[in-house]
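Residues per chain are reported as follows:
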Amino acid sequence: MSEQVTINWYPGHMTKARRMMQEDIKLIDLVIELIDARVPLSSRNPDIDDLAKNKSRLILLNKSDLADKRKLKLWTAYFEEKGFFVVTLDARSRGGMKSIQNVIMEACKEKIERDRKRGIKNRPVRAMVVGIPNVGKSTFINSFAGKAATKTGNKPGVTKGKQWIRLNKQVELLDTPGILWPKFEDQQVGMKLAMIGSIRNEVLNVDEVALSLVSFLRTQYAGTLTQRYQVEETGENYEILMAIAKNRNILKKGGEPDYDKAAILILDEFRDGKLGEITLEEPEDK
Ligand code: G4P
């Protein structure tokens, strides 16, 4: 398991993250922003739009293997309409990386053309990866860079600088991703990030998160809970959770259903994709 975020972003953190991002962004042509395809709004911090103005932009809708494919299309259209280049992705797979390279060139076409007119040849496009914690930044960099990539910069005798990963003649990637801070001030955002597992179970009320998931599923993905746990989707949300505990034989010592363990079970199974391909937000929710 990678280190998951605890909610410990405080203003000092954000100011520092923002300042570092501002410095790094000066060095690059293209911002590759990862967002989670299951929560494209909640896993995004729009501050990046301000920080990255005048840069080429690419959005990667990551973890799309876990997302609802119909909503994935809606989200792709939503971001494309806002002027972003968009690619849907499973960062763990090397498969889609070639097409990302092509999209990067497309997104930076104007810069390449500008260089050409000025007589600058073969200057690689420089890019950086940004996103909130746990969205898949390191996984993406590993898949994208692969073994072939060589690191540049920080050579002995050379002024200490940034580490760049040279992907090929055309693209260089800053090796440390920029970390964006989630918009925790919005309760709903915190709740959705908790559902997908971006916030550690220990720092929040697991029962509350599970109940919120039950409530969402029975209204938006009716039949999902019945299919997985053979429970009726009627009554109160907590009754459904109790029924899940009973059907799965998750019992306390005295034989009573173990509500807390059932809450963890349903969250784990949702995060693993065992409840199916599910997206928690639609563009209209905005
Ligand atoms: P970060 O740098 O942005 O913080 O994220 P990182 O790459 O560490 O990825 C966080 C977790 O998300 C990792 O799982 C990683 O395997 C998983 N992940 C990244 N991209 C995808 C994707 O496209 N689809 C799916 N399903 N998962 C993805 P982990 O918690 O380290 O362990 P595990 O869950 O893989 O066992």
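Up top you'll find the structure we're talking about.
Residues numbered from 1 in each chain as written. Predicted model: local features only at pLDDT ≥ 70, side-chain atom pairs only at ≥ 80, totals over all residues. Heavy atoms only, no water.

**Details of the site of the ligand**
- With respect to spatial proximity, 18 residues lie near the ligand, and among them Asp65, Asn134, Lys137, Ser138 and Thr139 are the closest.
- Asp65 is positioned such that a nitrogen or oxygen atom in its side chain is 2.8 Å from a nitrogen atom of the ligand.
- Note that an oxygen atom of the ligand is positioned 3.0 Å from one of the backbone N or O atoms of Gly136.
- Coverage of the ligand by the protein amounts to 72% of the 710 Å² it exposes when considered alone.
- With three residues, helix 6 (residues 137–145) is the largest single contributor of residues to the shell around the ligand. (Near = heavy atom within 4 Å. Polar contact = N/O pair within 3.5 Å; in protein donor to acceptor, adjacent residues only side chain to side chain. Areas by Shrake-Rupley, 256 points an atom, 1.4 Å probe, with all protein chains shown as cover. Helix = DSSP H or I, 4+ residues; strand = E, 2+ residues; numbered from the N terminus.)

**Focus: the pairing of strand 3 (residues 85–88)**
- As defined by bridge partners, strand 2 (residues 56–62) adjoins strand 3 across four bridges and the pair is classed as parallel. Following the sheet pairing, Leu60 is matched in strand 3 by Val87.
- Handedness of the crossover is the feature at issue here: the chain leaves strand 2, passes through helix 3 (residues 69–81), returns alongside strand 3, and the resulting connection is right-handed. (Pairing = 2+ DSSP bridges. Right-handed = clockwise from strand over helix to strand, strands pointing away.)

**Description of the packing of helix 10 (residues 237–247) against helix 11 (residues 259–271)**
- Where helix 10 contacts helix 11, the axes come no closer than 9 Å and their chain directions differ by 90°. Here helix 10 lies roughly perpendicular to helix 11, going by the angle between them. Along its contact with helix 10, which presents Tyr238, Leu241, Met242, Ile244 and Ala245, the element helix 11 presents Tyr259, Ala262, Ala263, Leu265 and Ile266.
- For the contact of helix 10 with helix 11, the residue count by class is 10 nonpolar, no polar and no charged. (Axes fitted to C-alpha atoms, helices over the stretch in contact; angles between N-to-C directions. Parallel < 35°, antiparallel > 145°, perpendicular 65-115°, else oblique. Contact = heavy atoms within 4.5 Å. Nonpolar A, V, L, I, M, F, W, Y, C, P; charged D, E, K, R; others polar.)

**As for the packing of helix 7 (residues 187–196) against helix 11**
- In the contact formed by helix 7 and helix 11, the axes pass within 8 Å of each other and the chain directions differ by 80°. Considering their axes alone, helix 7 and helix 11 lie roughly perpendicular with respect to each other. Across the interface between the two elements, Ala194, Met195 and Ile196 of helix 7 pack against Leu267, Phe270 and Arg271 of helix 11.
- Each residue belonging to the contact of helix 7 with helix 11 can be placed in one class, and the counts come to five nonpolar, no polar and one charged.

**Here's the deal with unusual backbone geometry**
- Even without glycine at this site, Asn54 takes up a positive phi of about 75°.
- The class of Asn54 is exposed, set by a relative accessible area of 77%.
- Even without being glycine, Asn249 reaches a positive phi, approximately 60°.
- Relative to the helices and strands, Asn249 resides in the loop between helix 10 and helix 11. (Buried < 20%, exposed > 50% of the residue type's maximum accessible area, 1.4 Å probe, protein only.)

**Section: the nonpolar core**
- Ile32, Ile100, Phe140 and Ile266 are the most contacted members of the largest nonpolar core, which has 77 residues in total.
- Excluding residues that lie within four positions of it along the chain, Ile32 makes contacts with Leu58, Leu60, Ile104, Ala127, Met128, Val129, Val130, Phe140 and Leu173.
- Grouped together as the second largest cluster of nonpolar side chains are 12 residues, Ile59, Leu61, Ala67 and Tyr78 included. (Core = buried A, V, L, I, M, F, W, Y, C linked by side-chain atoms within 4.5 Å.)

**Quick notes on the pairing of strand 4 (residues 125–131)**
- Here strand 4 lies mainly inside the structure; six of its seven residues are buried.
- Inspection of the sheet shows strand 1 (residues 30–36) paired to strand 4 by four bridges, in the parallel sense. Paired with Ile32 across the bridge in strand 4 is Val129.
- By the bridge criterion, three bridges tie strand 4 to strand 7 (residues 171–174) in an arrangement that is parallel. Among the inter-strand pairings, Val125 is bridged to a residue of strand 7, identified as Val171.
- In terms of strand pairing, strand 4 meets strand 8 (residues 178–179) through two bridges, oriented parallel.

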